[in-house]
Amino acid sequence: MSNRRSAFLLAGTGSGCGKTTVTLGLLTVFKRRGLRVLPFKVGPDYLDTAWHSAVSGVASRNLDSFMLPEPTLNALFSEHVAACDIAVIEGVMGLYDGYGTDPDYCSSAALAKQLGIPVILLVDGKAVSTSIAATVMGFQHFDPQLPIAGVIVNRVNSDSHFQLLKHAIERYCALPVLGYVPTTPGVALPERHLGLVTARESMVEASSWHDFAGRLEQTLDIEQLLTLSQLTTLPAGQMPPLPDAVAGTGLTLAVAFDEAFNFYYPDNLDLLERAGVRIVRFSPLRDRQLPDCQMLWLGGGYPELHARALSENTPMLEAIRAAHRCGVAIYAECGGLMYLGAALRDAGGEEWPMANVIPGLSVMSSKLTRFGYCEARATQQTLLAAAGETLRGHEFHYSDFTAQTAAVLDCHKTRDGEVLKRWQGGWQVGNTFASYLHLHFGQRPQMLNHWFAAARSAP
């Protein structure tokens, strides 16, 4: 086992340039070498992290600069990296793409500078020669303070073509080219209406990834990559006030986890366990009853793809309703909101009865209903925020929820200082709170005290 610690951010020139596939290949390479790998993803994405976790066997973590203050993000990163040999951070979109047009806000570049880690730039080598140097040079000089340490060229099918590209980049950009990624059948990731298919729904064919890793070890200089990405220090950070270590002691949280519900940030579960909460998993698809619990969490996922099975599991729907009537403190995000509604209308127009805890109808659309970061101010006491408190989160959904009860969140989306849109969302019914907003509890861990208090207030 290596004594050195390395970390790098794999960035691309844009979305769809192969970052996820190359990240998964490199995670497999490092794992084969006996290194303790740790994957990360820039931003709020659950789908790429599911693939990271499936391939590496290690929970992938999100590094989200919109939801997490800098000291908190740094502290979480340093804590996790201290226990690994190599941290691989997959960037988001293009290297300088963030929230709005400011390249220093929520971009991969900004995060690399914040954490003090090198960037490895992935560029497309298909149908190009010397012009590739102009592309690299543009990214190199756009922000001279950004530590771009090396380049990997994707989609190259011959060594002679690669040598031409390598010579051009090293001649005009004076950056080391670490090798190339050949086009490899069998490792392309499938697409879905919400982005990439979730890893747990697809057979993660280990042999394919091992074959891919074997090819990368022949076409990439792995030792040079590890040398360029060695860390000498970890970024300084500090966690915000946490709930008392015994705040959740004696409370059991039932977490829905199956093909229909599986979007959870591992850091959120860690924070709950740090507060003393006992976590048990269950499946709304297959289980007939809930675990004995005082808290219940229905995360995001794809309930619309499993609407029939969810609707036909009437014992579980009744168990959810009974838990709500008994005052179990229920929190639902996105897909969980859809499950708690009265019914879900799928893409084919068929309606499926759901739990009917939050009176309302979910309707699937062929287009994104809402996508992006937003801020939500609570207009009354809710399960996670008191009246007047603001939650920062992310929405990504193709459904719309028409409620029969008043919303409790004033939401708005701001970009480059301008409010683009305002809307109402989030519903609190009894001890149950549901919204489309995906949240990272690290932004204000004390929000969990509201949830704990609600759980203890149940009769």
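- In the nomenclature of an unreviewed UniProt entry, the chain corresponds to Cobyrinate a,c-diamide synthase from the organism Kosakonia pseudosacchari.
- Under the heading Function (unreviewed entry), UniProt records this for the chain: "Catalyzes the ATP-dependent amidation of the two carboxylate groups at positions a and c of cobyrinate, using either L-glutamine or ammonia as the nitrogen source."

1. Some remarks on the UniProt feature "domain: CobB/CobQ-like glutamine amidotransferase" (unreviewed entry) in the chain
Item 1. The sites that carry the UniProt feature "domain: CobB/CobQ-like glutamine amidotransferase" (unreviewed entry) are, in the present numbering, residues 253-444.
Item 2. Along residues 253-444, the helical share is 17% and the strand share 42%, with 19 Å between the first and last C-alpha atoms.

2. Quick look at the pairing of strand β23 (residues 418-425)
Remark: a regular strand shows side chains that alternate across the two faces of the sheet.
Item 1. The pairing of strand β22 (residues 409-415) with β23 spans seven bridges and is classified as antiparallel. In the sheet register, T414 faces β23, and the bridge partner there is V419.

3. Notes on the UniProt feature "site: Increases nucleophilicity of active site Cys" (unreviewed entry) in the chain
Item 1. Residues annotated by UniProt as "site: Increases nucleophilicity of active site Cys" (unreviewed entry) correspond here to H438.
Item 2. The topology assignment puts H438 in strand β26 (residues 438-439).
Item 3. For H438, a relative accessible area of 4% puts it in the buried group.
Item 4. What H438 contacts, discounting residues up to four positions off in sequence, is Y46, M67, F263, G300, E333, C334, G393 and H394.

4. Describing the nonpolar core
Item 1. Formed by 119 residues in total, the largest nonpolar core has its most connected members in L95, V153, L272, W297, L340, F441 and W451.
Item 2. One finds L24, V55, F212 and L216 within the second-largest nonpolar core, a separate group that totals 30 residues.

5. Re the packing of aromatic side chains
Item 1. Counted according to the given criterion, the structure contains 26 aromatic pairs.
Item 2. Where F40 meets F77, the ring centres are 5.1 Å apart and the plane angle is 50 degrees; that geometry is what we call tilted. Taken together, the residues F40 in strand β2 (residues 37-42) and F77 in helix α3 (residues 70-81) connect sequence positions 37 residues apart. F77 shares its class with F40; the two are buried.
Item 3. Geometrically, the ring pair formed by Y99 and Y373 is edge-to-face, given 5.5 Å between the ring centres and 75 degrees between the ring planes. Within this pair, whereas Y99 is found in the loop between β4 (86-94) and α4 (108-115), its partner Y373 is found in strand β19 (residues 370-378), the two being separated by 274 residues in sequence. Residues Y99 and Y373 agree in their burial class; the two are buried.
Item 4. Linked through ring pairs, F257, Y264, W297, Y331, F433, F441 and W451 together constitute an aromatic cluster.
Item 5. The side chain of R281 reaches across the aromatic face of F257, ending 4.0 Å from its centre.
Item 6. Over the aromatic face of F66 sits the side chain of R392, whose NZ or CZ is 3.9 Å from the ring centroid.

About the criteria used
- Within each chain, residues carry numbers counting from 1 in the order of the written sequence.
- Per-residue local features are limited, in this predicted model, to residues with pLDDT of at least 70; the limit for side-chain atom pairs, both in listing and counting, is 80 or more; totals at the level of whole chains, interfaces and linings are taken over all residues.
- Side-chain measures were taken over the full set of non-hydrogen atoms in the model, leaving aside hydrogen atoms and water.
- UniProt positions are given in the numbering used here, feature names are shortened, and annotations may be inferred rather than shown by experiment.
- Secondary structure elements are taken from DSSP: a helix is a run of H or I of four residues or more, a strand is a run of E of two residues or more, and numbering for both begins at the N terminus.
- Criterion used throughout: strands pair if DSSP finds at least two bridges between them.
- Exposed residues in this analysis have more than 50% of their type's maximum accessible area, buried residues have under 20%, and partly exposed residues fall in between, with area computed by a 1.4 Å probe over protein chains only.
- Throughout, a residue-residue contact means that at least one pair of heavy atoms, one from each residue, lies within 4.5 Å.
- Residues belong to one nonpolar core when they are buried, are Ala, Val, Leu, Ile, Met, Phe, Trp, Tyr or Cys, and are joined through side-chain atoms within 4.5 Å.
- Only Phe, Tyr and Trp rings are paired, with Trp represented by its six-membered ring, and only when their centres lie within 6.5 Å; those with planes under 30 degrees apart are stacked, over 60 edge-to-face, the remainder tilted.
- Charge over a ring is defined by NZ of Lys or CZ of Arg lying within 6 Å of the ring centre and within 35 degrees of the ring normal.

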